[in-house]
Amino acid sequence: MAAWAGGALVGRETESGTARLAWPQGVSPARWLASRLVAPAVLTVTVTGPLTALHHWAWTAGRDRIDTTKFWHDMATFHANGAVPVGLALAGLAAGALAGLLLRRAMAALATAAVTVGVLWAAVHAAVPYLWPSVTRVSSLEEGPLGRGLLVGQGVLTPKGRTEAPCVNGGLDSCRDTLTDMGATAFYRDLHPASHYWPLQLVATGILLAVAGLLTYAAFRVLRRTTGTARG
């Protein structure tokens, strides 16, 4: 979406001058840009939304019947199962439009927009575990760390507070001796249970939509600075 928007939707027209030819013919710059964004945005939502819903349905249907079905917190599954792809696609559309207006070269805008959205996706991917307060599971040294979900962090509790665990199998003599020397009293694990799935999805999607909005605003500002007006 980002590459297409940057290379073909906006970049090609700004590079060839087609856009400037259209503006004196009764199509204002703002209306021209809006027409390039609204229809693809609607199409993106109407296509990407059902695709992710289909993926979620297929994943849910196979979860208890197929042994190799991924857990909900597998990152590829997490992103494909919810609203994140819609937000990312809309951010890509806005990033492509902005790149096309700034660079005015189709191939350069294509590459820049694609890389920008790749960086954005990586940032969201890294931030997901911290977008919602995690829960903490405390367990004895003999049990080891307990709790299943999206892992945020784990270690041991000592009189000095939390610290990294050099080992997690308290049933082994060597590990137990090491933990005893540290003064460890229990294991802890910070994680997101399955009930946090939609809060994490909605916060991540909201961030992407906010970024899409900022990029769209920036695109109109660039257009106004370039043409002297952005009113339609």
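This one's a predicted model, so the numbers in the text were calculated from it and none came from an experiment. As a convention, each chain's residues are numbered from 1 in the sequence order in which they are written. Residues qualify for local features only when their pLDDT is at least 70, as the model is predicted, and side-chain atom pairs are given and counted only at 80 or more; totals for whole chains, interfaces and linings, by contrast, use all residues. Calculation of side-chain values draws on the structure's entire complement of heavy atoms; hydrogens and water are dropped beforehand.

## Side note on the side chain of Arg189
No. 1: By the criteria applied, helices consist of DSSP H or I runs no shorter than four residues and strands consist of E runs no shorter than two, each listed in order from the N terminus. Mapped onto the elements of the fold, Arg189 is located in strand 4 (residues 186-192).
No. 2: Despite its burial, Arg189 remains without a salt bridge, the nearest opposite charge being carried by Asp190 at 8.9 Å.
No. 3: A distance of 2.7 Å separates a polar atom in the side chain of Arg189 from a polar atom in the side chain of Gln154.
No. 4: Residues count as neighbours in contact if any of their non-hydrogen atoms are within 4.5 Å of one another. Leaving out residues up to four positions away in the same chain, Arg189 has contacts with Val135, Thr136, Arg137, Pro145, Leu146, Gly147, Leu151, Gly153 and Gln154. Accessible area is worked out with a 1.4 Å probe on protein chains only. A residue is then buried under 20% of its type maximum, exposed over 50%, and partly exposed in between. Note on charges: Lys and Arg go in the positive column, Asp and Glu in the negative column, and His and the chain ends are not counted at all. Every case where a carboxyl oxygen of Asp or Glu lies within 4 Å of a side-chain nitrogen of Lys or Arg is listed as a salt bridge. N or O atoms within 3.5 Å of each other form a polar contact, as long as, within protein, one can give a hydrogen and the other can take it, and as long as residues adjacent in sequence are counted only when both atoms are side-chain atoms.

## Here's the deal with the packing of aromatic side chains
No. 1: Stacked, tilted and edge-to-face are the three classes applied to pairs of Phe, Tyr and Trp rings, where Trp contributes its six-membered ring and a pair requires centres within 6.5 Å; stacked means planes under 30 degrees apart, edge-to-face means over 60, and tilted covers the rest. Under the defined criterion, the tally for this structure stands at three aromatic pairs.
No. 2: Taking the centre distance of 5.3 Å and the plane angle of 80° together, the rings of Phe78 and Tyr197 count as edge-to-face. Taken as a pair, Phe78 in helix 4 (residues 75-80) and Tyr197 in helix 8 (residues 197-227) lie far apart in primary sequence, 119 residues in all. Residues Phe78 and Tyr197 agree in their burial class; the two are buried.
No. 3: Summarising the aromatic geometry, the rings of Tyr197 and Trp198 are spaced 5.0 Å apart at their centres and angled 80° between planes, so their arrangement reads as edge-to-face.
No. 4: Among the aromatic side chains, those forming a connected cluster through ring pairs are Trp72, Phe78, Tyr197 and Trp198.
No. 5: Any Lys NZ or Arg CZ found within 6 Å of a ring centre and within 35 degrees of that ring's normal is scored as a charge over the ring. Over the face of the ring belonging to Tyr188 we find Arg162, whose NZ or CZ atom lies 4.1 Å from the ring centre.

## Some details on the packing of helix 5 (residues 84-103) against helix 8
No. 1: As a rule, the C-alpha atoms of each element are fitted with a line to give its axis, helices using only the stretch in contact, and angles between N-to-C directions run from 0 to 180 degrees. Interhelical geometry of helix 5 versus helix 8 gives an angle of 15° and a closest axis separation of 8 Å. In terms of axis orientation, helix 5 runs roughly parallel to helix 8. When you trace helix 5 past helix 8, the crossing you get is left-handed.
No. 2: Taken together, the residues of the contact of helix 5 with helix 8 sort by class into 18 nonpolar, four polar and one charged. Note on angle classes: values under 35 degrees are labelled roughly parallel, values over 145 roughly antiparallel, values of 65 to 115 roughly perpendicular, and the remainder oblique. Handedness of a crossing is defined here by the sense of rotation of the near helix relative to the far one, left-handed for an anticlockwise turn of less than a right angle and right-handed for a clockwise turn. When residue character is reported, Ala, Val, Leu, Ile, Met, Phe, Trp, Tyr, Cys and Pro are called nonpolar, Asp, Glu, Lys and Arg charged, and the others, Gly included, polar.

## A word on the sheet that holds strand 1 (residues 135-139)
No. 1: Two strands pair under a simple rule: DSSP has to find at least two bridges between them. The strand order across the open sheet built from four strands is 1-4-2-3, with neighbouring strands paired in antiparallel fashion. Each of the sheet's edge strands pairs with one partner strand only, and the pair in question is strand 1 and strand 3 (161-163). Across the sheet, the axes of successive neighbouring strands diverge by a mean angle of 35°, strand direction being ignored.
No. 2: Inspection of the sheet shows strand 1 paired to strand 4 by five bridges, in the antiparallel sense. Directly across from Val135, in strand 4, lies its bridge partner Leu191.

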